[in-house]
Amino acid sequence: MHRAPSYDLDAVRRQIPLLATHVPMNACSQAPQSEPARTAAEAYLDSWGRDGMDWERWIGEVEAARSEFAALIGAEAADVAVATSVSQATASVATGLDFTGRRYGVVVSGVEFPTVAHVWRAQERLGAEVRTVPTRPDGTIPVEDYAEAVDETTLVVSAAHAFYQNGWKQDLHALASLARGRGALLYVDAYQSLGTEPFHAPSSGADFVTSGNLKFLMGMPGIAFVWVRPSLSGELHPAITGWFGRKHPFAFDTRLDWAEGARRLDTGTPPVLEAYVARAGMAWLRELGLDHVADWVRSLGAHLTEGVRARGLTLLGPEDPRARAPTTAIACEDSHAVEAALRARRIIASARGPAIRLAPHFYNTLADVDTALDALADVLGRGTR
Ligand SMILES: Cc1ncc(COP(=O)(O)O)c(C=O)c1O
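Reading the values: rules and limits
- Residues numbered from 1 in each chain as written.
- Predicted model: local features only at pLDDT ≥ 70, side-chain atom pairs only at ≥ 80, totals over all residues.
- Heavy atoms only, no water.
- Helix = DSSP H or I, 4+ residues; strand = E, 2+ residues; numbered from the N terminus.
- Rg over C-alpha atoms; globule rule 2.2 N^0.38 Å.
- Buried < 20%, exposed > 50% of the residue type's maximum accessible area, 1.4 Å probe, protein only.
- Contact = heavy atoms within 4.5 Å.
- Areas by Shrake-Rupley, 256 points an atom, 1.4 Å probe, with all protein chains shown as cover.
- Lys, Arg positive; Asp, Glu negative; His and termini not counted.
- Charge placed at Lys NZ, Arg CZ, Asp CG, Glu CD.
- Pairing = 2+ DSSP bridges.
- Axes fitted to C-alpha atoms, helices over the stretch in contact; angles between N-to-C directions.
- Parallel < 35°, antiparallel > 145°, perpendicular 65-115°, else oblique.
- Left-handed = near helix turned anticlockwise from the far one by under 90°.
- Nonpolar A, V, L, I, M, F, W, Y, C, P; charged D, E, K, R; others polar.
- Near = heavy atom within 4 Å.
- Polar contact = N/O pair within 3.5 Å; in protein donor to acceptor, adjacent residues only side chain to side chain.
- Core = buried A, V, L, I, M, F, W, Y, C linked by side-chain atoms within 4.5 Å.
- Salt bridge = Lys/Arg side-chain N within 4 Å of Asp/Glu carboxyl O.

K.L.:
Just checking my understanding: could you explain the overall build of the protein chain for this structure?
P.N.:
Scanning the protein chain from N- to C-terminus turns up 13 helices and 13 strands. Relative to its length of 385 residues, the protein chain is compact, with a C-alpha radius of gyration of 21 Å against a globular reference of 21 Å. The C-alpha extent of the protein chain, read off along each of the three principal axes, is 65 × 60 × 35 Å. By residue count, 58% of the 385 residues in the protein chain fall in the buried class. At a minimum sequence separation of 6, the contacts of the protein chain that also span at least 24 residues come to 72%. For the protein chain, the exposed surface amounts to about 15,700 Å²; the carbon and sulfur share of it is 52%. The protein chain carries 37 positive and 46 negative side-chain charges, and their two centres are separated by 2 Å.

K.L.:
What is the right way to read the sheet that holds strand 12 (residues 350-352) from this model?
P.N.:
Two pairing modes exist for strands in a sheet, parallel and antiparallel, and in both the strands are linked by backbone hydrogen bonds. A sheet is described by the order of its strands in space; here four strands give the open sequence 9-10-13-12, paired in antiparallel fashion. Each of the sheet's edge strands pairs with one partner strand only, and the pair in question is strand 9 (315-316) and strand 12. Sheet topology places strand 12 next to strand 13 (residues 355-358); three bridges connect them, and they run antiparallel. Bridging across to strand 13, A351 finds its partner in I356.

K.L.:
Hey, could you run me through the packing of helix 2 (residues 35-51) against helix 10 (residues 272-288) in this one?
P.N.:
The axes of two packed helices give the description: the angle between them and the distance between them. Remark: helix 2 packs on helix 10, axes separated minimally by 8 Å, with the N-to-C direction vectors making an angle of 150°. Overall, the two elements helix 2 and helix 10 adopt an arrangement that is roughly antiparallel. As for the relative orientation of helix 2 and helix 10, their crossing is right-handed in sense. Within the contact between the two elements, helix 2 uses P36, A37, A40, A41, A43 and Y44 and helix 10 uses V272, L273, Y276, V277, A280 and W284. Tallied by class, the residues present in the contact of helix 2 with helix 10 amount to 12 nonpolar, no polar and no charged.

K.L.:
In this structure, what is going on with the site of the ligand? I would like to understand it.
P.N.:
With respect to spatial proximity, the complete set of residues near the ligand consists of S85, V86, S87, F113, T115, Y164, D189, Y191, Q192 and K215. Q192 is positioned with one of its side-chain polar atoms (N or O) 2.8 Å from an oxygen atom of the ligand. Between the ligand and the protein, one listed contact pairs an oxygen atom with a side-chain N or O atom of K215 at 3.0 Å. Calculation on the ligand without its partners gives an accessible area of 400 Å², and the protein chains cover 83% of this total. Partitioned by chemical class, the residues of the shell around the ligand number four nonpolar, four polar and two charged.

K.L.:
Hey, could you run me through the nonpolar core in this one?
P.N.:
Proteins that are soluble and globular tend to have nonpolar side chains buried together. Grouped together as the largest cluster of nonpolar side chains are 93 residues, with contacts concentrated most on F362 and L376. Per-element tally for this core: the top contributor is helix 10, with nine residues. Apart from residues no more than four positions distant in its own chain, L376 is found in contact with L313, I330, V338, L342, I356 and L358. Residues A94, L97, Y187 and L236 belong to the second largest nonpolar core, which totals 31 residues.

K.L.:
How do you make sense of the pattern of salt bridges when you look at a structure like this?
P.N.:
Opposite charge on two side chains permits pairing when their charged atoms draw close. Applying the stated rule across the entire model yields 21 salt bridges. The salt bridge involving D207 is made with R229; its shortest N-O contact spans 3.2 Å. Here D207, found in the loop between helix 8 (201-204) and strand 7 (208-212), pairs with R229, found in the loop between strand 8 (224-228) and helix 9 (230-233); they are 22 residues apart in sequence, far enough to count as distant. The exposure class assigned to R229 is buried, which follows from its relative accessible area of 16%. What emerges from the salt-bridge pattern is a single network uniting E63, R66, R263 and D266.

K.L.:
Any chance you could explain the side chain of T95 here in plain terms?
P.N.:
You can see T95 is positioned in helix 4 (residues 86-96). What makes T95 buried here is its relative accessible area of 16%. Within the structure, the side chain of T95 is placed 3.0 Å from the backbone nitrogen of A239, a separation counted as a polar contact. Apart from the residues within four sequence positions on either side, T95 is in contact with Q123, H237, P238, A239 and I240.

Below, the structure is given as C-alpha cells:
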C-alpha cells in the first residue's frame, strides 16, 4: 500500500477550498468544487456577461468537452455524444435500438442505478422484454447468473461497471465475452468508476459506455456523455433527438437525417456552462494521470476497509480494493441520521438505504479516512446504529 500518491497531494488539496473546513468523502454522489471547475464556470459567465452571446466559442467548448471525455476513455470524439444526464443518454441509445425483430430482450443488472433500469423498462411498450439479474446477498453478481439470463432473444445486456451502493466492480471483460458470444450488445454505465482508474472503452468489450460528470469526474450536474462503438452508430435511429443530431444543425432544415457517428445521439442546445466545468474536471484528472489516481485511490480504499474492520463496523460488499471503486458501504440502520450526524462534524458522507457510503478520491489523505471512520464509529456507538 502506498503511503502517499505520486503527485503533489498538498498542491492538489490547495485547489479544493472545501478541504480547509470539511472532510468530503462523498465523491460517489457529488465531487467537491475545485479551482479549475470554478475558473471554468467563471469563464462562461464572463463570456456571457461581456459579449452577450458567443455561440461559436460556446459550441467550441462543448466540442472540447466531448474531446476531453473521448481522450479520458481512449476513444475518438466522433464516437461520443453529449447528453444532459445518464438517463437521457440511456434513453437516446435505447430508443435508437429496434426491439421488434428476433432480438428484443434486455438483461438488466441488479447493480444498475435505478434510472437506467427505468429507461429499459420504458422500452417494454415498444417491444422490449426486460429481465433483471439480481445481486447475491454479498452484494455482487457472478457472471454465471448473467449466463442464465442471456439467450438468443437478448438484444442488449445493461451492466453498470461499479455498483453505486457498495462500489463493487463488475468484470466487464467476462461480461463482454458472454454478451458477444451470444450475439448481444453490452451497455455500460461507468458513472461510479470513471475518474478513479484508467478506462479504455474500445478494448473494454462494451458497445456503449456512459457517464455523467458530477461524481469522480469532478464536475457538476447537467451534462453526461455516451460512447458508441463506431461500427454500431449507423444503426441507431433514436426517438429522442433534435437539431444537434442532424448532419448540418445550422442548415435549419426540418428533414430528419442522421449525423455521422455518435453525434446522431446529440439532441438540442447542449449544456454549455456544464461543458466548461466538465472539461476542466476531466482535464485535471488526465493531467494527474489516471494510473496515479488509481494507485492512491486503491490505497485509500484499502485503508478504509482495514479501518472499518479495526473499528468493528460492518462492511457491505466485497473487501478487495482491486474489485471495488472507492465507494465503501458501512451498515447502519438510519443512514440519513448518520449522514446528518457526520455532517455536523464537517464530514460529508452519503446515505443509501441501509448503509452510509464513504467514497474518498484522489484529493483525500489517509488522515481524512481515519477522521471519518473515528467519527462514524462514535456516531454509531451513540445509538444511530
Ligand atoms: C451509476 C449511476 N448512474 C446514473 C446515475 C444518475 O444518472 P442521471 O441522474 O445523470 O440520469 C447515478 C447517480 O446519480 C449513478 O450512481
